[in-house]
Amino acid sequence: MQENWNSREPIYRQLRDRVAERIIDGVWAEGEAVPSVRRISHELRINPITVSRAYQILVDEQLLEMRRGLGMYVAAGARERLRELERNRFLEKEWPAVVERIDRLGLKLDELPGGAGKSSPTGKR
């Protein structure tokens, strides 16, 4: 994980998002253990309470599960739940700003990468 924290939101929220990204990307599979609080704290040089708080949010969201004496594990169904959460967040918060910017710049659909019959940069439609 990276250590570049922004000052716009608390580190525990940023860490929560980074763990979520790793789950979505399949870096940590469902049923797999995530690094311990102590390990993350040491690697990123942040307070263990900060790491615990990020992990607790993920537990509350039913994305991680604590197994007593064993540690934290990616919960069953976490990847799909995260995808759904991220899709909704994108469509509700990010997409309207993108559409507004496209309109402001007077861009047309066929001028956009991946728009109107073109392939996207990833080769997907």
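Placed above this text is the structure.
Below, the structure is looked at part by part. If you're wondering where the values come from, they're calculated on a predicted model, not measured in any experiment.

Remarks on helix α1 (residues 11-24)
- For α1, with 14 residues, the first-to-last C-alpha span of 20 Å sits near the 20 Å given by 1.5 Å per residue.
- Burial within α1 is extensive, with ten of its 14 residues counted as buried.
- Those residues of α1 lying buried are Tyr12, Gln14, Leu15, Arg16, Asp17, Arg18, Val19, Ala20, Ile23 and Ile24.
- Elements in contact with the buried residues of α1: α2 (37-44), α3 (48-60), β1 (64-67), β2 (71-74) and α4 (78-105).
- In the stretch just after α1, glycine 26 is the one whose phi turns positive, near 80°.

Concerning the packing of aromatic side chains
- Applying the stated rule across the entire model yields one aromatic pair.
- With a centroid separation of 5.9 Å and an interplanar angle of 45°, the aromatic rings of phenylalanine 90 and tryptophan 95 are classed as tilted.
- Here phenylalanine 90 falls in the partly exposed class, since its relative accessible area comes to 33%.
- Positioned above the aromatic ring of tyrosine 12 is the side chain of arginine 53, whose terminal nitrogen or guanidinium carbon lies 3.9 Å from the ring centre.
- The ring of tyrosine 73 has arginine 67 lying over it, and the distance from NZ or CZ to the ring centre is 3.9 Å.

Parameters at a glance
Residues numbered from 1 in each chain as written. Predicted model: local features only at pLDDT ≥ 70, side-chain atom pairs only at ≥ 80, totals over all residues. Heavy atoms only, no water. Helix = DSSP H or I, 4+ residues; strand = E, 2+ residues; numbered from the N terminus. Expected span 1.5 Å × (residues − 1). Buried < 20%, exposed > 50% of the residue type's maximum accessible area, 1.4 Å probe, protein only. Contact = heavy atoms within 4.5 Å. Phe/Tyr/Trp six-rings, centres within 6.5 Å; stacked < 30°, edge-to-face > 60°. Lys NZ or Arg CZ within 6 Å of the ring centre and 35° of its normal.

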